[in-house]
Amino acid sequence: MTNTVPWSPNALVDLRECLDLLTADGTVPGSVIAHGTLDAEPGYLASGIVAPECGDARPGPDTVYDVASLTKVLATWPLVDTSINEAFTLDTPVRELLPDIPAEAPGGRVTARQILSHTSGLRADTRLDRYRGRTEPLAELICGEDLIAEPGAGHRYINRGFILLGLALAHTRGHRLDELAADLWQSLGMTATAYGPLTRSARIAPTEQRLPGSPRLWGLPHDDNAALLGGVAGHAGVFTTPADLATFATHLLTSHTTNGPLGRWLAHSMQPQAEIEPGLDRGLAWILADEGRIAYHHGFTGTSLYLAPATGRYLAICTNAVYHHQDNRTRLAPLRTLALKAITDEP
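Now for a look at the structure at hand.

Turning our attention to the overall build of the protein chain. What the protein chain contains, in helices and strands, is eleven helices and eleven strands. Rg of the C-alpha trace for the protein chain: 19 Å, near the compact-globule value of 20 Å for 347 residues, within the 12% margin. With the principal axes as the frame, the protein chain shows a C-alpha extent of 55 × 55 × 35 Å. Counting across all 347 residues of the protein chain, residues that qualify as buried make up 55%. Approximately 14,200 Å² of the protein chain is accessible, and the part contributed by carbon and sulfur atoms is 51%. Seen as two clouds, the 27 positive and the 38 negative side-chain charges of the protein chain have centres 4 Å apart.

Following this line, the structure appears as structure tokens:
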């Protein structure tokens, strides 16, 4: 049973001050935080500008951000969940989900559960560019690599497995991953969420400038491996808005209270699978904190989504932190730490 707990005004003031500091010191051009509860309209905190290329445009609920690894929880894992029992189970080896994976391929014995819990033992460095010029299917190339650890042995964050899951979804469901995801998002009313590429506009936050004097990535995925896959991948490539993240979170939390399909998916997600470090566990895709009461996930570009089913609260951070810096994990740490504290603490 959920007892909805409203957001503390002091917590929101602290978050806004942190946003303003990050904007002032050049960590981000601008940022938006969506916050709310399952039974109320979302609120938004915003700071700065979308980017200098967008003129004086201010970021807001409808600003579109490359959310990078939030793709894993916005697209791939929920689509896997809807495929369970239809096409496979979480403990089905990858070689049974994709065609032409040799029986002896090391990665072929990895399961969907191990991929989702980041205990697959697949190589941690993704580097799909190393396969340029090869003629074998991508899944065969990934699965043919030696494992770096025994599957299930321990936690290590790995993107390759989610790439395999994206390929498996397309194969088993008979539609492209972006088509499957679009159907999911449409059913939830997430009208601004899509895989790229997107047409440049002042609504879309640019990210990195890869070469001096060249245009920035703008509506194109920041993740190199997602770009090599045409922008559609199981681990990255999704663009969305703070408003759509609020919609997604509200659906999850509401469904959690009614034991609906998405709520059962969230509850399933929040079953600990592997320890990351003392006090943090990996569920299925999500990171779990506060003794399993909080689920959250980050995106490399500077995004985060936090859910607290027990209190009905959520928080989404949208920034284009890679606009200036690649060391955004360090630079965004104060904001992410504050966000986790804010959603964990009760007024």
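What follows deals with the sheet that holds strand β7 (residues 280-282). Read across the open sheet, the eight strands follow the order β2-β1-β11-β10-β9-β8-β7-β6; overall the sheet is antiparallel. One side of each edge strand has no neighbouring strand; the edge strands of this open sheet are β2 (43-48) and β6 (274-277). Between one strand axis and the next, the sheet turns by 20° as a mean value, whatever way the strands run. The pairing of strand β10 (residues 303-308) with strand β11 (residues 313-319) spans five bridges and is classified as antiparallel. In the strand pairing of β11, Tyr-306 is matched with Leu-315.

Looking now at the environment of Leu-284. Secondary-structure assignment places Leu-284 in the loop between β7 and β8 (287-289). Classification of Leu-284 as buried rests on a relative accessible area of 0%. Measuring from C-alpha to C-alpha, the distance between Leu-284 and Thr-2 comes to 22 Å, with 282 residues separating the pair along the chain. Once residues within four sequence positions are removed from consideration, Leu-284 is found in contact with Trp-77, Leu-90, Arg-113, Leu-116, His-268, Ser-269, Gln-271 and Gln-273.

Another aspect to go through is the sheet that holds strand β5 (residues 238-240). Here we have three strands laid out as an open sheet, ordered β3-β5-β4, and antiparallel in their pairing. Of all strands in the sheet, those with a lone pairing partner are β3 (65-66) and β4 (194-195), marking the two edges. With two bridges connecting them, β3 and β5 associate as antiparallel partners. For Tyr-65, the partnering residue across the bridge sits in β5 and is Thr-240.

Right, let's get into the pattern of salt bridges. Should their charged atoms come close, side chains of opposite charge can pair. Going through the model one piece at a time under the given rule, you end up with 15 salt bridges. Glu-53 is paired through a salt bridge with Arg-216; the nearest N and O atoms lie 3.0 Å apart. Linking Glu-53 in the loop between β2 and β3 with Arg-216 in the loop between β4 and α7 (224-228), this pair joins segments that are 163 residues apart in sequence. You can call Glu-53 partly exposed: its relative accessible area is 37%. Arg-210 serves as the salt-bridge partner of Asp-224, at 2.7 Å between the closest nitrogen and oxygen. One end of the pair, Asp-224, is in helix α7; the other, Arg-210, is in the loop between β4 and α7, and 14 residues separate them in sequence.

Here we come to the packing of aromatic side chains. All told, the structure shown has five aromatic pairs when counted by the stated rule. Where Trp-77 meets Trp-265, the ring centres are 5.9 Å apart and the plane angle is 45°; that geometry is what we call tilted. Pair noted here: Trp-77 is in helix α2 (residues 71-83) and Trp-265 is in helix α9 (residues 261-269), with a separation of 188 residues, a long-range link. Pair check on accessibility: Trp-77 and Trp-265 agree, each one buried. Measuring from ring centre to ring centre gives 5.3 Å for Tyr-296 and Tyr-306, while their planes differ by 20°; the resulting arrangement is stacked. Separated by ten residues along the polypeptide, Tyr-296 in strand β9 (residues 294-299) and Tyr-306 in strand β10 bring together distant segments of the chain.

Its boundaries defined by the atoms lining it, the largest pocket holds a volume of some 970 Å³. Those elements that place two or more of their residues in the lining of the largest pocket are α7, β6, β7, β9, α10 (328-331) and α11 (333-344). For the lining of the largest pocket, the class distribution of residues is 14 nonpolar, 13 polar and eleven charged.

Quick look at α9 now. All buried positions along α9 are accounted for by Leu-262, Gly-263, Trp-265, Leu-266 and Ser-269. Projected down its long axis, α9 shows its buried positions confined to an angular sector of 155°, all on one face. Those residues of α9 hidden inside the fold are in contact with α2, α6 (177-188), α8 (242-258), β8 and β10.

Criteria and thresholds
Residues numbered from 1 in each chain as written. Predicted model: local features only at pLDDT ≥ 70, side-chain atom pairs only at ≥ 80, totals over all residues. Heavy atoms only, no water. Helix = DSSP H or I, 4+ residues; strand = E, 2+ residues; numbered from the N terminus. Rg over C-alpha atoms; globule rule 2.2 N^0.38 Å. Buried < 20%, exposed > 50% of the residue type's maximum accessible area, 1.4 Å probe, protein only. Areas by Shrake-Rupley, 256 points an atom, 1.4 Å probe, with all protein chains shown as cover. Lys, Arg positive; Asp, Glu negative; His and termini not counted. Charge placed at Lys NZ, Arg CZ, Asp CG, Glu CD. Pairing = 2+ DSSP bridges. Axes fitted to C-alpha atoms, helices over the stretch in contact; angles between N-to-C directions. Contact = heavy atoms within 4.5 Å. Salt bridge = Lys/Arg side-chain N within 4 Å of Asp/Glu carboxyl O. Phe/Tyr/Trp six-rings, centres within 6.5 Å; stacked < 30°, edge-to-face > 60°. 1 Å grid on protein atoms, 1.4 Å probe; cavity = no way out; pocket = protein on both sides within 12 Å on 5 of 7 lines; lining within 4 Å. Points joined across faces, edges and corners; volume = space filled by probe spheres on them. Nonpolar A, V, L, I, M, F, W, Y, C, P; charged D, E, K, R; others polar. Arc of directions from axis to C-beta.

By themselves these figures say nothing about function.
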